[in-house]
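Coordinate analysis (summary)
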Amino acid sequence: MRSRFASRGPGGFGLLPVRSTRLPSLSGRLLVTNEAGEFALLTEAEHAALLDGTLPRGTAAYDALLARHMIHEGQVAVPLRLLATKLRTKKAFVLEGPSLHIMVPTLRCDHSCGYCQVSRRRMDEAGYDMSPTHALAAVDRILESPAKALTVEFQGGEPLLAFDVIQRVTEEVTRRAAGRSVTFSMTSTLHHLTPEIAAFLRDHAFQLSASIDGPAAVHDSNRPVPGGNSLAKTLQGVALAREVLGPANVAAITTVTRSGLEQPEAMVNALVSLGFRSLFLRSVSPFGFAVRSARRTGYDMAAFLAFYERALRRILELNRGGLAVEEAYAAVLLRHMLTPFHSGYLDLRSPAGAGLGVLVYDHDGSVYASDEGRMLGATGDPTFRLGAVTEPLAQLMASAAMETLARGGVAEEQPGCRDCALVPWCGSDPVHHHATAGDVAADRLSSDFCQRHMGLFDLLLGLLEHGDAATRDVLLSWATRRWGTDGAPLA
Amino acid sequence: MSLPLHTLAQVEGLGPTPKLLKLLALPEALATELPLNRVAVDLRHPSSGKVLLAALAAADFGAAFGTIDHVPEAREAGLPLIHSLRRGDVAGSGDVVRVESSPGRVGIVHRRGANANTLLLTERCNSLCVMCSQPPRDEDDSWRLAEALDVIPLLDHDIEVLGITGGEPTLLGEGLGRLLEVVRERLPSTRLHILTNGRLFSDPGLVRTVSAGVDAVTWGIPLYAEVARVHDDVVQASGAFDETLEGIHNLAEAGHDVEIRFVAHAMSLPRLPALAEFIWRNLPFSGHVALMGLEPMGYARKNRDRLWVDPADAAATVADAAIYLARRGMPVSIYNVPLCLLPRQAWPLARQSISDWKQDYAAECEGCAVRTACCGFFISADATWRGQRIRPLSAAEMSEASA
Ligand code: SF4
Ligand code: SF4
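- An unreviewed UniProt entry lists chain B under the name His-Xaa-Ser system radical SAM maturase HxsC, with Falsiroseomonas oleicola given as the organism.

**A few points about the overall build of chain A**
- On a plain count of helices and strands, chain A comes out with 20 helices and 16 strands.
- The C-alpha atoms of chain A give a radius of gyration of 23 Å, which matches the 23 Å a tight globule of 491 residues would have.
- In terms of overall dimensions, chain A has C-alpha extents of about 75 × 50 × 40 Å along its principal axes.
- Across the 491 residues in chain A, those meeting the buried criterion constitute 58%.
- Across chain A, the fraction of contacts at a sequence separation of at least 24, relative to all contacts at a separation of at least 6, is 70%.

**Considering the site of ligand 2**
Residues and elements named next belong to chain B.
- Neighbouring ligand 2 are 13 residues; P338, C340, C365, C368 and C374 lie closest to it.
- When atom positions are compared with the pocket grids, ligand 2 is found to occupy the second largest cavity.
- Taken together, the residues that form the shell around ligand 2 break down as 11 nonpolar, no polar and 2 charged.

**Regarding the pattern of salt bridges**
- This model, assessed by the stated rule, comprises 47 salt bridges over all chains.
- In this structure, A:D63 engages B:R271 in a salt bridge whose closest nitrogen and oxygen atoms are separated by 2.8 Å. Here A:D63 is found in helix 2 (residues 60-67), whereas its partner B:R271 is found in the loop between strand 13 (257-263) and helix 9 (272-282) on a different chain. As far as the burial class goes, A:D63 and B:R271 line up, both buried.
- Taking the relative accessible area as the measure of exposure, B:R271 reaches 17% and is therefore buried.

**Concerning the nonpolar core**
- In this structure, B:L56, B:M131, B:L179, B:W219, B:L245, B:L291 and B:I334 are the most contacted members of the largest nonpolar core, which totals 133 residues.
- Here this core gets 9 residues from one element, more than from any other, and that element is helix 12 (residues 311-327) of chain B.
- When residues no more than four places from it in sequence are discounted, the contact partners of B:I334 are B:L291, B:V318, B:A319, B:A322, B:L342, B:A346, B:L349, B:A350 and B:R351.
- By size, the runner-up hydrophobic cluster in this structure holds 111 residues, among which are A:L160, A:V238, A:V367 and A:L464.

**Describing the environment of A:E144**
All names here are of chain A.
- You can see E144 is positioned in helix 4 (residues 132-144).
- On the basis of relative accessibility, which here comes to 39%, the residue E144 falls in the partly exposed class.
- Dropping the residues within four chain positions of it, E144 is found in contact with P392 and L393.
- One polar contact links E144 to R141, side chain to side chain, over a distance of 2.9 Å.

**Comments concerning the site of ligand 1**
- Residues in contact with ligand 1, as listed here, are A:G416, A:C417, A:C420, A:L422, A:V423, A:C426, A:R444, A:F449, A:C450 and A:M454.
- Of the residues that constitute the shell around ligand 1, the class distribution is 8 nonpolar, 1 polar and 1 charged.

**So, helix 8 (residues 240-253) of chain B**
Residue and element names in this part refer to chain B.
- In a regular helix each residue adds 1.5 Å, so 14 residues correspond to 20 Å; helix 8 covers 20 Å between its end C-alpha atoms and thus fits that length.
- Among the 14 residues in helix 8, 10 count as buried, and that is most of the element.
- A positive backbone phi angle near 90° is found at G255, which sits one or two residues after helix 8.

**Here's the deal with the interface of chain A and chain B**
- Taken residue by residue, the interface counts 28 residues in chain A and 18 residues in chain B.
- Three residues stand out in chain A for area buried against chain B, namely A:V78, A:R81 and A:L82, and they jointly supply 27% of the buried area on that side.
- Across the contact surface, chain A and chain B share 7 salt bridges.
- Between B:E277 and A:R68 there is a salt bridge, with its nearest N and O atoms 3.0 Å apart.
- At the boundary of chain A with chain B, the tally comes to 12 residue pairs in polar contact (both at pLDDT 80 or more).
- Counting residues per element, the ones that place at least two in the side of chain A that touches chain B are helix 2, helix 3 (77-90), helix 14 (328-338) and helix 20 (469-480) of chain A.
- The biggest single contributor to the side of chain A that touches chain B is helix 3 of chain A, with 8 residues.
- Residues belonging to the side of chain A that touches chain B are distributed by class as follows: 11 nonpolar, 7 polar and 10 charged.

**Digging into the pairing of strand 4 (residues 39-42) of chain A**
All names here are of chain A.
- Taking every second residue as pointing to the same face, both faces of strand 4 are buried, with F39 and L41 on one and A40 and L42 on the other.
- Direction of pairing for strand 3 (residues 30-34) relative to strand 4: antiparallel, over a ladder of 4 bridges. Along strand 4, the bridge assignment pairs L30 with L42.
- Joining the antiparallel neighbours strand 3 and strand 4 is a turn of 4 residues, in which G37 adopts a positive phi near 90°.

**What about the sheet that holds strand 6 (residues 81-83) of chain B?**
Residues and elements named next belong to chain B.
- Across the sheet, which stays open at both edges, the 8 strands sit in the order 1-8-7-3-4-5-6-2 with mixed pairing between neighbours. Either end of the sheet is taken by a strand with one partner, and the two such strands are strand 1 (6-8) and strand 2 (10-12). Ignoring which end each strand starts from, the neighbouring axes of this sheet average 30° apart.
- Across 4 bridges, the pairing between strand 3 (residues 19-25) and strand 4 (residues 39-42) is parallel. Bridging from a neighbouring strand, L24 pairs with V41 of strand 4.

**Overview of the sheet that holds strand 9 (residues 118-120) of chain B**
Residues and elements named next belong to chain B.
- The strand order 9-10-11-12-13-14-15 describes an open sheet built from 7 strands, whose pairing is parallel. Of all strands in the sheet, those with a lone pairing partner are strand 9 and strand 15 (332-335), marking the two edges. Taking each pair of neighbouring strands and ignoring which way they run, the sheet shows an average axis angle of 20°.
- With 4 bridges connecting them, strand 10 (residues 161-165) and strand 11 (residues 191-195) associate as parallel partners. Its bridge partner being in strand 11, G163 is matched across the sheet by H193.
- Most of the contacts of helix 12 go to strand 15, to which it runs at about 165°, and overall it touches strand 14 (288-292) and strand 15.

**Let's talk about the pairing of strand 14 of chain B**
Residue and element names in this part refer to chain B.
- Counting buried residues along strand 14, 5 of its 5 residues qualify, which places the element largely inside the surrounding structure.
- Here strand 14 shows two buried faces, one formed by H288, A290 and M292 and the other by V289 and L291.
- Strand direction decides the pairing type here: strand 13 and strand 14, joined by 5 bridges, are parallel. When the sheet's bridge partners are listed, R261 is paired in strand 14 with A290.
- As paired elements, strand 14 and strand 15 share 4 bridges and run parallel to each other. Within strand 15, the residue paired with V289 across the bridge is V332.

Quick notes on the rules
Residues numbered from 1 in each chain as written. Chains lettered and ligands numbered in written order. Predicted model: local features only at pLDDT ≥ 70, side-chain atom pairs only at ≥ 80, totals over all residues. Heavy atoms only, no water. Helix = DSSP H or I, 4+ residues; strand = E, 2+ residues; numbered from the N terminus. Rg over C-alpha atoms; globule rule 2.2 N^0.38 Å. Buried < 20%, exposed > 50% of the residue type's maximum accessible area, 1.4 Å probe, protein only. Contact = heavy atoms within 4.5 Å. Near = heavy atom within 4 Å. 1 Å grid on protein atoms, 1.4 Å probe; cavity = no way out; pocket = protein on both sides within 12 Å on 5 of 7 lines; lining within 4 Å. Sits in = over half its atoms within 2 Å of the grid points. Nonpolar A, V, L, I, M, F, W, Y, C, P; charged D, E, K, R; others polar. Salt bridge = Lys/Arg side-chain N within 4 Å of Asp/Glu carboxyl O. Core = buried A, V, L, I, M, F, W, Y, C linked by side-chain atoms within 4.5 Å. Polar contact = N/O pair within 3.5 Å; in protein donor to acceptor, adjacent residues only side chain to side chain. Expected span 1.5 Å × (residues − 1). Buried area = accessible area lost by both parts, 1.4 Å probe. Pairing = 2+ DSSP bridges. Axes fitted to C-alpha atoms, helices over the stretch in contact; angles between N-to-C directions.

If you want it as structure tokens, here you go:
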């Protein structure tokens with residue numbers, strides 16, 4: 001049993017677990033966080049007095065630390081109990097099991113994007129669609145997962161090229177998941193959306209993400225398609241989807257390539273003028289063919305962060321002018337920073353989402369821990385292949401791949417993250433670190449994942465600290481809206 | 001204005017011990033399922049017509065409320081009679097009344113249709129809050145529980161909310177759980193609102209005794225600061241902050257609904273911004289947060305020097321905290337703060353919170369455009385408590401604001 005009394009230092013208080021980090025935006029102050037992600041900002045002098053145990057009782061800094069259970073006054077039972085409750089709340093996802101099930105109905109795609117993450121196949125190549133047997137086995141696995149709320153997401157390739165698979169899986173899950181909450185979603189170019197398909201998606205309450213990389217000049221050069229005009233064709237699909245499914249169910253997902261990097265404001269303006277109110281600005285990820293084509297599409301993380309900051313400031317300006325637009329990734333990070341809850345976003349959590357929260361069913365009947373793991377598989381590295389879709393879930397969960405993930409999946413134990421004050425808000429991406437640095441537990445000094453998150457958290461903290469009241473209100477409203485288990489905001 | 005809760009009366013034939021009765025007009029009295037010896041038939045209106053008191057006595061009715069003209073017939077029939085109430089309107093049909101013989105007195109235990117009905121279970125308490133409006137008394141008052149158990153069957157079934165206060169009701173120990181069981185059985189659709197400091201619920205054993213309260217009770221538990229030092233100072237009991245937090249967690253983990261309550265005064269107000277964050281971070285499961293203006297009664301009057309803040313300043317800080325919590329999706333209300341002191345943005349959170357019988361308006365409220373939506377003041381809040389900034393709002397201002 002824990003003791004009710006704990007020893008105290010010279011100032012009459014004792015330390016509870018905290019981490020502190022210096023960040024550029026905090027103008028000389030330090031960020032101090034507890035395990036549950038509550039934070040306080042301290043001056044260097046206050047921080048030194050905290051570590052010496054000499055911070056004077058009753059000062060503002062002292063009470064800020066005491067109220068956030070970062071220090072105690074001798075009785076630790078209640079602070080520890082409250083901390084434990086907060087940690088349980090923040091990490092409630094741990095008990096859920098896989099809740100996001102990603103299906104790859106086909107690898108075929110008519111686009112040939114330079115950064116394509118999935119090693120796509122040409123339209124007419126045979127043997128790259130998921131077989132009915134595998135599709136039905138995937139449904140078995142999905143329903144075996146204990147999660148109360150399930151999300152089934154279709155990706156590709158271009159998933160609409162195998163609509164029959166989508167239809168079969170959707171109907172089968174709907175029929176057999178009686179009483180459970182299931183959300184269907186799809187990321188697509190929407191080039192192949194027809195009124196009949198749209199009606200089916202509407203009937204099953206699909207949420208759609210359209211890949212849109214910016215204004216036509218940027219999008220069409222990123223996404224070559226026979227006959228050209230990729231953006232125009234996607235926008236036709238968007239218009240149809242909005243009409244049939246409702247505008248709130250169609251979001252934009254934007255991959256920022258080097259050509260998009262130059263004009264962040266123009267990128268935001270373009271997406272907003274196309275009617276999107278939820279944007280998601282992603283950097284190119286170093287997977288699949290993207291690594292090989294890095295010279296053409298890639299850039300360093302500092303350049304992405306500079307782009308992102310300008311884009312975010314433009315979005316905030318639009319909000320202050322009365323137009324409610326959000327950047328979905330900022331919303332995820334803010335929810336982690338400003339609320340007792342997790343966003344549910346699977347790519348930023350600890351323990352990692354890969355395998356524990358997400359399963360990916362590839363067209364060929366393989367099951368992977370994440371989409372990135374699947375891409376590694378496609379390029380010859382089977383580290384994150386859990387097994388075949390025909391194996392029971394328990395067996396997949398006991399695979400060597402899951403052991404590897406467990407070793408690198410807990411951010412609080414990784415070199416670098418272990419001592420980083422951002423770790424309660426951040427996450428661990430073992431698949432990424434395996435791919436980029438050769439080990440799931442690689443240290444974070446050289447990690448672009450770390451650089452990106454350090455930069456983003458620093459940017460948001462700076463806006464929260466130095467921004468005007470209207471800016472803070474907008475950021476708070478993103479953090480406190482309701483979220484689904486896949487990290488997607490609920491309308 | 002509000003009715004008093006007692007009046008003098010002539011009481012005949014009731015015997016020396018006070019009696020709890022349900023007062024019902026004749027048609028309802030004839031249809032009731034209550035034991036008739038618990039029912040007093042209200043014959044005070046001429047429209048009651050001619051009723052044979054002997055028949056009422058034969059039916060075993062407990063008493064009649066009548067006029068002096070009924071005296072001979074009641075004596076003849078052996079039916080206890082209450083008449084000549086000094087204020088006849090104090091007791092009305094549907095009320096539960098306590099009738100005492102000498103001196104003859106009628107007290108209202110429960111008024112039908114009142115906006116707040118409460119049972120006071122004890123005047124004892126294990127804390128001693130600096131602003132307590134009903135200072136505790138350390139006397140054996142276990143008769144109160146017995147009386148409450150006696151009253152519950154007489155209450156209307158459609159009462160939405162029944163309040164239970166003290167003192168500190170958890171000092172009844174297992175008696176509280178027994179009372180909850182009786183309420184659930186007799187008044188299955190009534191919600192209970194129980195005010196407690198929650199300290200004794202730091203014992204999970206006591207939480208188990210109130211399991212009948214799950215899905216029926218809201219436990220209203222005060223927190224006055226985000227750190228123990230200040231909270232314990234306000235409630236004048238060391239260790240109280242920790243015990244209350246343990247209690248809240250024990251209740252919540254057992255499935256109970258908890259409301260957090262805060263009273264604004266000079267000691268607590270400076271802590272409110274940090275307390276709001278503390279609640280959001282540690283108690284996001286709270287069903288409701290109530291931020292309240294001070295009732296200037298009891299110790300609050302005695303400790304005025306330590307407690308008084310200009311209500312306008314208190315209102316501004318309370319509004320900020322309420323908006324802070326509301327923005328984060330927490331159900332929050334502002335009680336006992338008049339609308340003219342609150343920023344317009346906080347109005348949707350303000351409630352008409354003061355019980356009819358202790359509520360009043362100030363002279364300034366004459367002609368105020370929002371009077372009917374405003375909580376006004378506690379009768380006990382004279383001009384020295386109300387501050388200088390009460391001002392009636394004009395209809396023109398209102399339409400400007402909504403335009
Ligand atoms: S990845 Fe970087 S920013 Fe995130 S917790 Fe680890 S060290 Fe901190
Ligand atoms: S003037 Fe009176 S009625 Fe009007 S808002 Fe103020 S307190 Fe309320």
